[in-house]
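Each chain, letter by letter, is given below.
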Amino acid sequence: MLMFVDCLIDAIKDTIYVIPFLLVTYLLMEWIEHKLSDKAQESIKRAGMLGPAVGALLGVIPQCGFSAAASVFYAGRVITLGTLFAVYLSTSDEMIPIFIAGGVPIEKMITIIGIKLGLGMVFGFIVDAARRIARVNHKHVHIHEMCERDGCNCEHEHKSIIKSAIIHTLQITAFIFLITLALNLIIEFIGGNDVLAQFASDNKIASVFVSGLVGLIPNCAASVVIAQLYVDGVLGLGACISGLLVAAGVGILVLLKTNRPMSDNIKIIVTLFIFSIICGLGLCLIV
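Keep in mind it's a predicted model, so treat the numbers as computed, not measured.

Draft legend 1. Broad picture of the overall build of the chain. Looking only at helices and strands, one finds 17 helices and 0 strands in the chain. Taking all 287 residues of the chain together, 49% fall into the buried category. A separation of at least 24 residues holds for 82% of the contacts in the chain among residues at least 6 apart in sequence.

Draft legend 2. Up close: a nonpolar patch on the surface. Residues M262, I266, V270, I274 and I278 make up a contiguous nonpolar surface patch of roughly 440 Å² in combined accessible area. Here V270 lies in helix α17 (residues 262-286).

Draft legend 3. Layout of the packing of helix α15 (residues 237-246) against α17. Put simply, α15 and α17 touch, their axes get as near as 7 Å, and they point 165° apart. It follows from the interaxial angle that α15 and α17 lie roughly antiparallel. The chirality of how α15 crosses α17 is right-handed. For the pair α15 and α17, the contacting residues are L237, G238, A239, I241, S242, L245 and V246 in the first and L272, F273, S276, C279, G280, L283 and C284 in the second. Considering only residue class, the contact of α15 with α17 consists of 10 nonpolar, 4 polar and no charged.

Draft legend 4. Representation of the packing of aromatic side chains. Scanning the model with the defined rule gives 4 aromatic pairs in all. Considering the side-chain rings of F123 and F275, the 4.1 Å spacing of their centres and the 20° angle between planes classify their relative orientation as stacked. Remark: F275 occurs in helix α17 and F123 occurs in helix α8 (residues 106-133); sequence separation between them is 152 residues. You'll find F123 and F275 in the same group, each marked buried.

Draft legend 5. Region of interest: the nonpolar core. Of all hydrophobic cores here, the largest spans 63 residues; its most connected members are L84, Y88, F99, I112, I176 and I268. The element best represented in this core is α17, accounting for 9 residues. Each residue touching L84, except ones within four places of it in the same chain, is listed here: A70, S71, Y74, I79, L255 and I268.

Draft legend 6. Fine view of the pattern of salt bridges. Taken as a whole, this structure holds 1 salt bridge when the rule is applied. In this structure, R77 and D264 form a salt bridge, with 3.7 Å as the shortest nitrogen-oxygen distance. Here the residue R77 occupies a position in the loop between α5 (65-75) and α6 (81-90), and D264 occupies one in helix α17, the gap between them amounting to 187 residues. Both residues of the pair, R77 and D264, count as buried.

Draft legend 7. Spatial organisation of the packing of helix α4 (residues 51-59) against α8. Look at α4 against α8: their axes get within 8 Å of each other, and the N-to-C directions meet at 155°. By the angle class used here, α4 and α8 are roughly antiparallel. Of the two elements, α4 crosses α8, and the hand of that crossing is right-handed. Between α4, through P52, A53, A56 and L57, and α8, the contact on the second element is made entirely by L117, G120, M121, G124, F125 and D128. Looking at the contact of α4 with α8, its residues break down into 7 nonpolar, 2 polar and 1 charged.

Draft legend 8. Layout of unusual backbone geometry. For the bond from R260 to P261, the omega torsion is 5°, close enough to zero to count as cis. By secondary structure assignment, the location of P261 is in the loop between α16 (251-258) and α17. The residue R77 is not glycine, and still its phi comes out positive at about 55°.

Draft legend 9. Seen up close, the side chain of T258. Its place among the elements puts T258 in helix α16. Polar contacts involving the side chain of T258 include one to the main-chain carbonyl oxygen of V254, which spans 2.8 Å.

Draft legend 10. Expanded view of α5. Of all 11 residues that make up α5, 10 are buried, and the element is covered over most of its length. By the burial criterion, the buried members of α5 are G65, S67, A68, A69, A70, S71, V72, F73, Y74 and A75. In the segment just after α5, R77 is the residue with positive phi, at about 55°.

Analysis parameters
Residues numbered from 1 in each chain as written. Predicted model: local features only at pLDDT ≥ 70, side-chain atom pairs only at ≥ 80, totals over all residues. Heavy atoms only, no water. Helix = DSSP H or I, 4+ residues; strand = E, 2+ residues; numbered from the N terminus. Buried < 20%, exposed > 50% of the residue type's maximum accessible area, 1.4 Å probe, protein only. Contact = heavy atoms within 4.5 Å. Patch = residues over 30% accessible without salt bridge, like charges linked within 9 Å, V, L, I, M, F, W, Y side chains within 5 Å. Areas by Shrake-Rupley, 256 points an atom, 1.4 Å probe, with all protein chains shown as cover. Salt bridge = Lys/Arg side-chain N within 4 Å of Asp/Glu carboxyl O. Axes fitted to C-alpha atoms, helices over the stretch in contact; angles between N-to-C directions. Parallel < 35°, antiparallel > 145°, perpendicular 65-115°, else oblique. Left-handed = near helix turned anticlockwise from the far one by under 90°. Nonpolar A, V, L, I, M, F, W, Y, C, P; charged D, E, K, R; others polar. Phe/Tyr/Trp six-rings, centres within 6.5 Å; stacked < 30°, edge-to-face > 60°. Core = buried A, V, L, I, M, F, W, Y, C linked by side-chain atoms within 4.5 Å. Polar contact = N/O pair within 3.5 Å; in protein donor to acceptor, adjacent residues only side chain to side chain.

Dropping the structure here:
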């Protein structure tokens, strides 16, 4: 019973600070949909060519609220796929607080943050450039289409963009909370973060792959374990980077809930994982 209460409290903590980001995101989505003309919407999308740079910089801020917001914006095709990758790859979640608490030298922190920022920005621009060359152009997904898909009927029941944004925020919040609670219970059932730590630290090369798999866990436990293992000297820089690059926090959960088709989400997650592993292995060979 005590374990359940602890997991419940952790799930509430992991969920509650994402709510403001989701609410602001959906308010912007509704405003873009209802207040701006098609021409203005196209202007916003064209301005998004610089999105990977902005997304990577926002992702560095130590929380995963921006990754959740980016997922919603991508689901509505307000931002590009490259911008989404830039946010995911640079998202630091609990990394910086763990590093500070562990006494990691400032130059090492700046190096890791710089690697994540640079890789996120570069990969984001590459993805967008490749899609432009291939002439891949997804049409804007209107907010009412997302409403119809989710079956919330808010586009019929509520004319106010505030009410509609609140409904969507509550739906996503409930989804994040339930999945996070389930993940917390599973992690505790198998032995907690110590098991994840052992799982992620077998040997130098294998640890890159294992750290990447741990990083895919869509809550703060992933970045906490990986950052702490690096602080303790268990993980090398390559394994640390592979895990932290893929650790997009609840952004992955929001993507799975809001974006369609589901095959698109699978491709994004697999690409994120593969890129993270390549970068981790590369650092293992260099460092």
